[in-house]
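Notes for the structure review
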Amino acid sequence: ILTREILRKMIYEAINEDQPFSSVAVIGGAFKPPHLGHVAMVDHYSSLADVVKIYISDPKSERSQRFCGNVCLTAEMSAILWRLLLGDRPNVTVEVSPSPSPITIAYDSVMPGTPFKPGTTVYLGASVKGGDIKRFSGAVKKASPDINVADPATYASPASKLPDEYLAKLENSRYLDHMPSIKKGLDPQDYSASDLRFLLYMAVKDQVARDLAGYFVGSKNVNQYMSAIGLINSKGE
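All of the points below concern the structure found in this document.

Definitions and limits used
- Along each chain, residue indices are assigned from 1 in the same order as the chain's sequence is written.
- Local features in this predicted model are restricted to residues whose pLDDT is 70 or higher, and side-chain atom pairs enter the listing and the counts only when it is 80 or higher, whereas totals over whole chains, interfaces and linings include all residues.
- Here the side-chain values reflect all heavy atoms present in the structure, with hydrogen atoms and water set aside.
- Residues enter a nonpolar core if they are buried and are Ala, Val, Leu, Ile, Met, Phe, Trp, Tyr or Cys, with the set joined through side-chain atoms within 4.5 Å.
- Note on exposure labels: buried denotes an accessible area under 20% of the residue type's maximum, exposed denotes more than 50%, and partly exposed covers the range between, all computed with a 1.4 Å probe on protein chains only.
- Elements are defined by DSSP. Helices are runs of H or I of four residues or more, strands are runs of E of two residues or more, and each kind is numbered from the N terminus.
- Residue contacts are defined here by distance: any two heavy atoms, one from each residue, within 4.5 Å place the two residues in contact.
- One bridge is not enough; two strands pair if DSSP finds at least two bridges between them.
- To obtain an axis, a line is fitted to C-alpha atoms, over the contacting stretch when the element is a helix, and the angle between two such axes runs from 0 to 180 degrees between their N-to-C directions.
- Angles below 35 degrees are treated as roughly parallel, those above 145 as roughly antiparallel, those between 65 and 115 as roughly perpendicular, and all remaining angles as oblique.
- In this scheme the handedness of a crossing depends on how the near helix is turned from the far one: anticlockwise by less than a right angle means left-handed, clockwise means right-handed.
- Classification of ring pairs uses Phe, Tyr and Trp, with its six-membered ring standing for Trp, and accepts pairs whose centres are within 6.5 Å; under 30 degrees between planes counts as stacked, over 60 as edge-to-face, and the remaining range as tilted.
- Seen with its strands pointing away from the viewer, a crossover is right-handed when the path leading from the first strand over the helix to the second is clockwise.
- Nonpolar residues are Ala, Val, Leu, Ile, Met, Phe, Trp, Tyr, Cys and Pro. Charged residues are Asp, Glu, Lys and Arg, and all others, Gly as well, are polar.
- By definition, a salt bridge exists where a carboxyl oxygen of Asp or Glu is found within 4 Å of a side-chain nitrogen of Lys or Arg.

Notes on the nonpolar core
By size, the foremost hydrophobic cluster in this structure holds 66 residues, and its most contacted members are Ile-54, Trp-82, Val-110, Tyr-166, Leu-199 and Leu-200. Of the residues forming this core, the biggest block, 7 residues, is contributed by helix H3 (residues 75-86). Tyr-166 has contacts with Met-179, Pro-188, Leu-199, Leu-212, Tyr-215 and Phe-216, leaving out every residue within four places of it along the chain.

Here it is in structure tokens:
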């Protein structure tokens, strides 16, 4: 059984730095799959910190799994897709965390016993959209006094939106009423992993869905996404 202490030790071992930096951003999430909205968050924190560390949480419970059609997306798939999206950003690393929770990753990176050297400034990756800021407030209060944890609210990443061109194409397609965001009463112009999973699955047989998915991950990456997930083979079939 993986106890909290064992998980914390594994996270610290994964970081295991001969630390060459004075500031670091820790961004945790399931990222099933990652998209350009996530990349915008990484770029935001890259402008603040010397290094950005992305930790992909690895939940095992059945209710935590996410599917694209019949394919269950794994943390390893997310890591492959992250590296595809990030390109040659030299100060960004991606790892699969042993923790099932992105909140646990954030907390454990700054608790007493933190693997970061004294005096390090740590940014906990959060977006103004969602509840990360409130959830991370406890981490700031409980953090090791040896490091500086930046206020999550002050340095939160702005919410990214899909371009107006995407929304116009979506409204003219047969998919608008079927998008998960629409069904939940959410803004379809917000980046949504659920919407992306839906479009990737539909893209297997439809060019319009493929074009729409391109706004989430870059048009040149759609085939590689579908291949990495297992929706098509390496030949694009």
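Side note on the sheet that holds strand S6 (residues 121-124)
Across a sheet, strands are paired by hydrogen bonds formed along the backbone, either parallel or antiparallel in direction. What the 5 strands build is an open sheet, ordered S5-S2-S1-S6-S7; its pairing is parallel. Each edge of the sheet is formed by a strand with only one pairing partner; in this case those strands are strand S5 (92-96) and strand S7 (148-149). The pairing of strand S1 (residues 23-29) with S6 spans 4 bridges and is parallel. Residue pairing across strands places Ala-25 opposite Tyr-123, the latter belonging to S6.

Let's talk about the side chain of Thr-120
With respect to the helices and strands, the residue Thr-120 is situated in the loop between helix H4 (102-110) and S6. A residue is classified by how much of its surface remains accessible, and Thr-120, at 2% relative accessible area, is buried. Leave out the neighbours within four places in its chain, and Thr-120 touches Gln-19, Phe-21, Ser-22, Ser-23, Val-24, Ile-147 and Asn-148.

As for the packing of H4 against helix H5 (residues 132-142)
Running from N to C, H4 and H5 point in directions that differ by 30 degrees, and their axes come no closer than 9 Å. One finds that H4 runs roughly parallel with respect to H5. In this structure, H4 meets H5 at a crossing whose hand is right-handed. Contacts between H4 and H5 pair Ile-103, Ala-106, Tyr-107 and Val-110 from the former with Asp-132, Arg-135, Phe-136, Gly-138 and Ala-139 from the latter.

Observations regarding the packing of aromatic side chains
Each aromatic ring pair is characterised by the separation of its centres together with the angle its planes make. Here the structure, examined in full by the defined rule, presents 7 aromatic pairs. Considering the side-chain rings of Phe-31 and Trp-82, the 5.2 Å spacing of their centres and the 80 degrees angle between planes classify their relative orientation as edge-to-face. Highlighted residues: Phe-31 in the loop between S1 and helix H2 (36-46) and Trp-82 in helix H3, separated in sequence by 51 residues. Accessibility expressed as a relative area gives 8% for Phe-31, which makes it buried. Plain terms: the ring middles of Tyr-191 and Phe-216 are 5.9 Å apart, the flat faces sit at 90 degrees to each other, and that makes the pair edge-to-face. Placement of the pair is Tyr-191 in the loop between helix H7 (180-183) and helix H8 (193-202) and Phe-216 in helix H9 (residues 207-217), with a sequence separation of 25 residues. Relative accessible area serves as the criterion here: at 12%, Tyr-191 is assigned to the buried category.

Some remarks on the pairing of S1
Within S1, 6 of the 7 residues are buried, leaving the element largely enclosed by the surrounding structure. Note: S1 against strand S2 (residues 51-56), 6 bridges, orientation parallel. From the neighbouring strand, Val-26 faces S2, where its bridge partner is Lys-53. For the crossover from S1 across H2 to S2, the handedness is right-handed.

As for the packing of H8 against H9
Direction vectors running N to C along H8 and H9 enclose 140 degrees, while the axes themselves pass 8 Å from each other. Taken as a pair, H8 and H9 cross one another with a handedness that is left-handed. Residues Asp-195, Leu-196, Leu-199, Leu-200 and Met-202 of H8 touch H9, and the partners they reach there are Ala-209, Leu-212, Ala-213, Phe-216 and Val-217. For the contact of H8 with H9, the class distribution of residues is 9 nonpolar, no polar and 1 charged.

Re the pattern of salt bridges
Counted according to the given criterion, the structure contains 5 salt bridges. In this structure, the salt-bridge partner of Asp-58 is Lys-60, at a minimum N-O distance of 3.0 Å. Linking Asp-190 and Lys-161 is a salt bridge whose minimum nitrogen-to-oxygen distance equals 2.6 Å. Of this pair, Asp-190 sits in the loop between H7 and H8 while Lys-161 sits in the loop between S7 and helix H6 (164-171); the two residues are 29 residues apart in sequence, bridging distant segments of the chain. Overlapping salt bridges bring together Lys-161, Asp-187 and Asp-190 as one network.

Re H8
For H8, the buried fraction is high: 7 of the 10 residues fall into the buried class. Taken as a whole, H8 has its buried residues at Ala-193, Asp-195, Leu-196, Arg-197, Phe-198, Leu-199 and Leu-200. Buried residues belonging to H8 abut strand S3 (67-68), H6, H7, H9 and helix H10 (222-229).

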